[in-house]
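If you want the building blocks of each chain, they are given just below.
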Amino acid sequence: MNDVDLAALKERPTASDHARVSQWLDRFEKALHAGDTQSASSLFQADSHWRDLVAFTWHITPVLGADKIASALVAAQKKINARGFSIDPNRTPPRRVKRLGIDVNEALFEFETDFGRGNGVLRLGMDNAAWVLLTTLEELKGFEEHIGVRRPTGDAYSRNFGGENWLDQRIKSQAYEGCDPTVLVVGGGQAGLGIAARLGQLDIDTLIIDRLPRIGDCWRLRYHSLALHNEIHANHLPYLPFPPTMPKYIPKDMLANWFEFYADAMSINFWTGTEFVRGDYDDDAKCWNATVRRPDGSERTMRPRHVVFANGVSGIPKVPDLPGLDDFKGEVIHSHSFTDGSAWKGKKALVLGTGNSGHDVAQDLHSHGTDTTIIQRGSGTVVSIDPSAKLNYAMYEEGPPLDDCDLVASAATYPLIVKGYQIAVKHMVNLDKEIIEGLKSVGFKYDVGHDGTGHQMKYRRRGGGYYLDAGCSGLIIDGDIGLLQFDTIDRFTADGALLKDGTTVPADLFVLATGYYAQQELVRRLLGDEIAEKIGEIWGIDEDGEMANMWKRTAQEGLWFIAGSLAQCRIYSKYLALQIKAMEEGFIGER
Ligand SMILES: Cc1cc2nc3c(=O)[nH]c(=O)nc-3n(C[C@H](O)[C@H](O)[C@H](O)COP(=O)(O)OP(=O)(O)OC[C@H]3O[C@@H](n4cnc5c(N)ncnc54)[C@H](O)[C@@H]3O)c2cc1C
């Protein structure tokens, strides 16, 4: 999504593009079959990038540099026997494009291994050496999804005179009476729904539990004015795209209702009002003792082989230690509990935090007639939703089919992602010049990240630290919403914020838009210190540049994580589901 040059998308393929790519794929296959590291290496540029999504390595694996790539490919080839590399006739044809300012032929190709069928992306330099290679597993042989020509016949429940019909079977499968699911998914937002839908297609018995009372509540219960910050084209859930009648920026309640519909349409087993309270792993039986609390307060211990944590990177609100906060006589709430500002009309509010939530809460309060001041602690990135933020997803709007866009968007390794965002951010800063200068002029501390990668890398690295401007920046610039720097505050008092110059900024309400504990903390609380330490950081960037512990096997057998934007959940739920299926079928060992 980040290293894509828009103008280039419109380029038309030529016969020579096709031939160059085909020749490279032939030579590549020959080198793999011969197990010839040297000739494999000669097919890549010295500074080249290979990213494998489960096809060669059963893992999410980035490798950098021709020699390392060649060695890793040849080693993996001995185990998987990849073959049949050719341009995929069902996908966008090879095109001459510019990526990160570099001219390449970009081709989507197909191949197979002893285990499955795959797709990939090749970015071939003008020197006929590969700059970027992506390989992905699309399906496992013998375990293809039940879609299209393989759709279920329905014989098991249709016109079943005297027997169970479809609904009877759905009710039975949801009840889990006398049996447990193979996979227990904790959390039924987009991450949980995505992985459950994919696992269902692989015939893996899956149950989602969510502590909230109604499917979609994870969005429904967010603040009143919320609509998605990026456009609909990038946000489809797996298998079932949003209808073309839905708006560009989906309002939160519409998305919440869609989630409810989706779970039903995809026949997903879902227990609402059910909380995962604790779990431990039985090393001998290779399954979890997972205790869940039902809506009536009763507890049940299940024995799933896999637990997928889809419980959000914003599970436990972080409340900072603020001097004098206990003395404050007004109401203190975390942004997590904020719904709308209607109760605060004519009152005064302080909002601590200048991320998305802080800004949106402040704007909501202001729009309800609350005298609002936002407090900034560190510096922050501000990006206009349109035109800037949407640039990252522009490829999705331009026309290639969703699956092709997802493939292309998955090709970049960490260094390419960084470079892509650096280029994009320069463009964004230019587009947003007026608003950035305006913010700086009223004392807002603005930054684009330590390496100029802006909001997208902040999202990947720490899940926050930026604002996609839905109008609040203009209100701050115009002085309609006050701005206070945290380091000018001496302490909080009964009446509000006492500044170091002796004046007080009075408040009736204090909203802490101060973010959430990292997901490792959720693991610690639910699965204990030992597993939390064994797993380490969750989300953020790992040593190899991939997202830490996301969408792949972790140090704890049977424990998986899925989270992220709607696009990330759609893309990576596929590879996570395939890994679980491959493990269930014994194709891969435990680690
Ligand atoms: C204001 C805002 C705007 C955003 N806009 C966009 C956007 O435009 N596009 C985009 O792609 N992303 C957007 N995001 C980011 C991202 O999509 C969301 O944070 C998203 O909700 C993450 O989905 P999830 O399924 O991983 O987690 P969540 O939606 O947080 O769902 C986690 C679920 O787990 C449940 N749960 C947690 N613990 C337990 C437990 N112990 N037992 C049972 N259930 C549990 C929770 O009840 C919850 O339903 C936005 C986020 C915010 C806050």
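Residues numbered from 1 in each chain as written. Predicted model: local features only at pLDDT ≥ 70, side-chain atom pairs only at ≥ 80, totals over all residues. Heavy atoms only, no water.

Draft legend 1. Structural view of the overall build of the protein. In terms of helices and strands, the protein carries 17 helices and 25 strands. Compactness check: the protein gives a C-alpha radius of gyration of 25 Å against a globular reference of 25 Å for 591 residues, within 12% of the reference. For the protein, the spread of C-alpha atoms along the principal axes amounts to about 80 × 65 × 50 Å. For the protein, with 591 residues in total, the buried portion stands at 55%. Pairs at least 24 apart in sequence give 67% of the contacts found in the protein among residues at least 6 apart. Summed over all atoms, the accessible surface of the protein reaches about 24500 Å², with 50% contributed by carbon and sulfur. If you average the places of the 64 positive and of the 81 negative side-chain charges in the protein, the two averages end up 2 Å apart. (Helix = DSSP H or I, 4+ residues; strand = E, 2+ residues; numbered from the N terminus. Rg over C-alpha atoms; globule rule 2.2 N^0.38 Å. Buried < 20%, exposed > 50% of the residue type's maximum accessible area, 1.4 Å probe, protein only. Contact = heavy atoms within 4.5 Å. Areas by Shrake-Rupley, 256 points an atom, 1.4 Å probe, with all protein chains shown as cover. Lys, Arg positive; Asp, Glu negative; His and termini not counted. Charge placed at Lys NZ, Arg CZ, Asp CG, Glu CD.)

Draft legend 2. Here's a closer look at the sheet that holds strand E12 (residues 287–293). Strand order in the open sheet made by the three strands is E11-E12-E13, with antiparallel pairing throughout. Because the sheet does not close on itself, it has two edges, and the strands there are strand E11 (275–282) and strand E13 (299–302). Neighbouring strand axes in the sheet, compared pairwise and without regard to direction, differ in orientation by 15° on average. The pairing of E12 with E13 spans four bridges and is classified as antiparallel. Opposite Arg293, over in E13, you have Glu299 as the bridge partner. On top of the sheet, helix H15 (residues 519–527) reaches E11 and E12; it is set at about 75° to E11, its chief contact. (Pairing = 2+ DSSP bridges. Axes fitted to C-alpha atoms, helices over the stretch in contact; angles between N-to-C directions.)

Draft legend 3. Representation of the nonpolar core within the structure. Grouped together as the largest cluster of nonpolar side chains are 164 residues, with contacts concentrated most on Trp24, Phe44, Phe56, Phe276 and Phe309. Ranked by the residues each element gives to this core, the list is headed by helix H17 (residues 566–584), at 12 residues. Ranked by size, the runner-up nonpolar core spans 15 residues in total, among them Phe328, Leu352, Val505 and Leu512. (Core = buried A, V, L, I, M, F, W, Y, C linked by side-chain atoms within 4.5 Å.)

Draft legend 4. Local environment of the pairing of strand E19 (residues 466–469). Alternating positions in E19 separate into two faces, Tyr466 and Leu468 on one and Tyr467 and Asp469 on the other, with burial throughout. The pairing of strand E18 (residues 381–384) with E19 spans four bridges and is classified as parallel. Counterpart to Val382 in the pairing with E19 is Tyr467.

Draft legend 5. Quick look at the packing of helix H5 (residues 190–201) against H17. Where H5 meets H17, the axes come as close as 8 Å, and the angle between the chain directions of the two elements is 40°. Relative to H17, the element H5 is oriented oblique. Crossing hand, H5 versus H17: right-handed. For the pair formed by H5 and H17, the contact residues are Gln190, Ala191, Gly194, Ile195, Arg198 and Leu199 on the first element and Leu566, Cys569, Arg570, Ser573, Lys574, Leu576, Ala577 and Ile580 on the second. In terms of residue class, the contact of H5 with H17 is built from eight nonpolar, three polar and three charged. (Parallel < 35°, antiparallel > 145°, perpendicular 65-115°, else oblique. Left-handed = near helix turned anticlockwise from the far one by under 90°. Nonpolar A, V, L, I, M, F, W, Y, C, P; charged D, E, K, R; others polar.)

Draft legend 6. Layout of the packing of helix H11 (residues 414–431) against helix H13 (residues 454–462). Closest axis-to-axis distance for the H11/H13 pair is 7 Å, and the angle between their directions is 140°. Considering the angle they form, H11 stands oblique to H13. Here H11 contributes Tyr414, Ile417, Val418, Tyr421, Val425 and Met428 to the contact with H13, which in turn contributes Gly454, His455, Gln456, Met457, Arg460 and Arg461. Across the contact of H11 with H13, the residue classes tally to seven nonpolar, three polar and two charged.

Draft legend 7. The packing of aromatic side chains, seen in detail. For the structure on display, the rule yields 25 aromatic pairs. One aromatic cluster in this structure is built from Trp24, Phe28, Phe44, Trp50, Phe56, Phe85, Phe109 and Phe111. In this structure, Arg222 packs its charged tip against the face of Trp219, placed 4.3 Å from the ring centre. A cation over an aromatic ring shows up here: Lys318 above the ring of Tyr517, its NZ or CZ 5.8 Å from the ring centre. (Phe/Tyr/Trp six-rings, centres within 6.5 Å; stacked < 30°, edge-to-face > 60°. Lys NZ or Arg CZ within 6 Å of the ring centre and 35° of its normal.)

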